[in-house]
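Reading the structure
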Amino acid sequence: MQVKAPARATAERPAPAHLPAPRPPAPAPLLRSRTVQGLGYAAPTAVFVAVFFVLPLLLVGQMSLSDWPLLAGDRGVNAPENYTDVADGALFWPAVRFTLLYTVIVTVVLLGLALLLALLVQESRPGAGFLRTVFFLPGALGLASASLLFWGLYSPTTGPLSPALERLGLVDGPVSFLGTPTSALLSTVFLVVWKFAGFYMLILLVGLQRIPHELYEAARMDGASRGQVFRSITLPLLRPSLALSLLLCVTGSLLAFDQFFVLTKGGPDNSTVTVVQLIYREAFQRMDLGTAAALSILVLAALLLLNVAQFLGLRRTDAS
C-alpha cells in the first residue's frame with residue numbers, strides 16, 4: 001500500500017500590501033551621467049585648490065631644499081642647509097617667543113571680550129540690534145587700513161590721542177605709544193581687539209542663540225544662580241562656537257604680519273618681529289627665498305600639529 005505525499009501548495013503567499021515594491025536598478029547611462037555631473041561640480045574647486053594651493057606648496061617645498069636667491073633663481077639642492085640656517089638665525093627664537101606671547105595675550109583678551117559682548121546683546125531688548133552693529137562695524141575695515149588708522153592715532157606729533165591725554169592732565173608730555181617694546185605690543189593688541197572683537201562676538205552670539213531657552217527656564221525654576229547657569233549650561237553648550245573661535249584666533253595670531261608691519265616695522269630694536277615678518281625679511285630684504293621657504297614649511301608644520309592637537313583635545317572632551 002503506497003502512502004501519497006501531501007501535495008505541495010502551488011500558490012505562493014501574496015506579498016504584504018504595506019511593503020513597497022523593490023525599485024528596479026538604475027540604468028547604467030543614468031549612473032554615468034550622474035557621475036559626470038558630480039565631477040563637473042567638483043572640477044572648479046579641484047582646479048582652484050590645485051593651482052593656488054598644491055602647486056605653490058610643492059614649489060615652496062622645492063625652494064626650501066635648494067639654494068634659491070630671489071633674483072638669481074634655483075642654483076641646485078643644498079638640503080638641509082636652509083633649515084639649519086633658520087635655527088641658527090639671530091632673530092628666529094626671539095621671533096618665536098614674541099609670536100607665542102602675542103598669541104596668548106590676544107587670544108585671552110579677544111575671546112574674553114567677545115564673550116562678554118555676546119552675552120550683552122544676546123537678549124532681544126531695545127538697542128540690542130544697534131549695539132550688535134556698532135560692535136561688528138570695525139570688522140568691515142581691512143586690517144592694513146585699520147593699522148594705518150591707528151598709526152595716525154598713535155603718532156605723538158600729529159595724532160589726537162597724545163594731546164588729549166595731555167589736556168586731561170594724565171601725562172606731562174607727548175606719549176610714544178610705539179616707542180617701547182611693551183607699549184608697542186599693548187598698542188598692537190588694542191588694535192587687534194578693537195578690529196576683531198565684533199567678529200568673534202558674532203560667532204559666539206550664534207552659538208548662544210542655539211541654546212534652548214527651556215534649559216534656562218528649568219534652571220531658574222530649580223533656583224540656580226546666574227553663575228551656576230553660566231557654568232553648567234552656557235559654557236558646555238557653547239563649546240563648539242568657542243572651539244571655532246579659538247582655532248581662528250590662534251591661527252590668525254600666529255600668522256600676524258600686517259599690524260606689526262604697518263605699526264612697528266618690527267621695532268623698537270627688533271622687539272616686535274613675528275615669525276611671518278621674519279619670512280618677509282629673509283625673502284625680500286636678505287634676498288634668500290630658500291631660507292624663507294624653509295621657515296614657511298616649519299610654520300605650516302607647526303600650525304598643522306597645533307590644529308590636530310586642538311581637534312583631538314576637543315574630541316576627547318566631547319567624549320568624556
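Each remark here, short or long, concerns the structure printed above.
Just so it is clear, the structure is predicted and the values come from calculations on it, not from any experiment.

**Let's talk about the overall build of the chain**
Looking only at helices and strands, the chain features 13 helices and 0 strands. In the chain, the succession of α and β elements from N to C terminus is α-α-α-α-α-α-α-α-α-α-α-α-α. Relative to its 320 residues, the chain shows a buried fraction of 32%. Accessible surface, the chain: about 20,600 Å² in total, of which carbon and sulfur atoms supply 68%.

**Focus on the packing of helix 8 (residues 213-221) against helix 9 (residues 226-237)**
Packing of helix 8 against helix 9 leaves a shortest axis separation of 11 Å and a crossing angle of 165°. With respect to helix 9, the element helix 8 is oriented roughly antiparallel. Taken as a pair, helix 8 and helix 9 cross one another with a handedness that is right-handed. Contacts between helix 8 and helix 9 involve Leu215, Tyr216 and Ala219 from the first element and Val229, Ile233, Thr234 and Leu237 from the second.

**Considerations on the packing of aromatic side chains**
For the structure shown, the criterion picks out 13 aromatic pairs. Ring plane angle 20° and centroid distance 5.1 Å describe the contact between Phe257 and Phe261, whose orientation is recorded as stacked. Here the aromatic cluster, defined as three or more aromatic residues joined through ring pairs, consists of Phe150, Tyr154, Phe177, Phe190 and Trp194. When the ring centre of Phe196 is taken as origin, the NZ or CZ atom of Lys195, which lies over that ring, is 4.3 Å away.

**Comments concerning the pattern of salt bridges**
Applying the stated criterion across every chain, the model contains 1 salt bridge. In this structure, the salt-bridge partner of Glu282 is Arg286, at a minimum N-O distance of 3.0 Å. Note on Arg286: relative accessible area 59%, which makes it exposed.

**Quick notes on the nonpolar core**
Counting 31 residues, the largest nonpolar core has Tyr102, Val106, Leu110 and Tyr200 as the members making the most contacts within it. Listed by contribution, the elements that provide at least two residues to this core are helix 3 (92-120), helix 7 (181-209), helix 8 and helix 9. When residues in this core are grouped by element, the largest group, 11 residues, is from helix 7. Ignoring any residue separated from it by four or fewer positions in sequence, one finds Tyr102 in contact with Leu185, Thr188, Val189, Val192, Ser253, Ala256, Gln259 and Phe260. The next biggest cluster of nonpolar side chains, apart from the first, holds 19 residues, and it includes Phe92, Leu254, Leu289 and Ala294.

**Structural notes on a nonpolar patch on the surface**
Taken together, the side chains of Val47, Phe48, Val49, Val51, Phe52, Phe53, Val54, Leu55, Leu57, Leu58, Leu300 and Leu304 define a hydrophobic patch exposed on the protein surface, amounting to about 1,100 Å² of accessible area. Where the nonpolar patch is concerned, the elements lending two or more residues are helix 1 (28-64) and helix 13 (289-319). When residues of the nonpolar patch are assigned to their parent elements, the largest contribution, 10 residues, is made by helix 1. Within the fold, Leu57 resides in helix 1. Overall, the relative accessible area of 32% leaves Leu57 in the partly exposed class.

**Quick word on the environment of Arg132**
Along the chain, Arg132 falls in helix 4 (residues 128-136). Separated by 11 residues in the primary sequence, Arg132 and Val121 have C-alpha atoms spaced 6.6 Å apart. In this view, Arg132 contacts Val121, Gln122, Glu123, Met201, Leu205 and Gln209; residues no more than four positions away in its chain are not counted. A distance of 2.7 Å separates the side chain of Arg132 from the backbone oxygen of Val121, its partner in a polar contact.

**Some details on unusual backbone geometry**
The linkage connecting Ala79 with the following residue, Pro80, adopts the cis geometry, with an omega of 0°. Within the fold, Pro80 resides in the loop between helix 1 and helix 2 (81-88). Residue Met287 is not a glycine yet carries a positive backbone phi of 60°. Among the secondary structure elements, Met287 is positioned in the loop between helix 12 (275-284) and helix 13.

**Overview of the layout of surface pockets**
A volume near 480 Å³ is recorded for the largest pocket. Elements that contribute at least two residues to the lining of the largest pocket include exactly helix 8 and helix 9. No other element matches the 4 residues that helix 9 contributes to the lining of the largest pocket. Split into classes, the residues belonging to the lining of the largest pocket amount to 5 nonpolar, 4 polar and 4 charged.

Rules of the game
- Residues numbered from 1 in each chain as written.
- Predicted model: local features only at pLDDT ≥ 70, side-chain atom pairs only at ≥ 80, totals over all residues.
- Heavy atoms only, no water.
- Helix = DSSP H or I, 4+ residues; strand = E, 2+ residues; numbered from the N terminus.
- Buried < 20%, exposed > 50% of the residue type's maximum accessible area, 1.4 Å probe, protein only.
- Areas by Shrake-Rupley, 256 points an atom, 1.4 Å probe, with all protein chains shown as cover.
- Axes fitted to C-alpha atoms, helices over the stretch in contact; angles between N-to-C directions.
- Parallel < 35°, antiparallel > 145°, perpendicular 65-115°, else oblique.
- Left-handed = near helix turned anticlockwise from the far one by under 90°.
- Contact = heavy atoms within 4.5 Å.
- Phe/Tyr/Trp six-rings, centres within 6.5 Å; stacked < 30°, edge-to-face > 60°.
- Lys NZ or Arg CZ within 6 Å of the ring centre and 35° of its normal.
- Salt bridge = Lys/Arg side-chain N within 4 Å of Asp/Glu carboxyl O.
- Core = buried A, V, L, I, M, F, W, Y, C linked by side-chain atoms within 4.5 Å.
- Patch = residues over 30% accessible without salt bridge, like charges linked within 9 Å, V, L, I, M, F, W, Y side chains within 5 Å.
- Polar contact = N/O pair within 3.5 Å; in protein donor to acceptor, adjacent residues only side chain to side chain.
- 1 Å grid on protein atoms, 1.4 Å probe; cavity = no way out; pocket = protein on both sides within 12 Å on 5 of 7 lines; lining within 4 Å.
- Points joined across faces, edges and corners; volume = space filled by probe spheres on them.
- Nonpolar A, V, L, I, M, F, W, Y, C, P; charged D, E, K, R; others polar.

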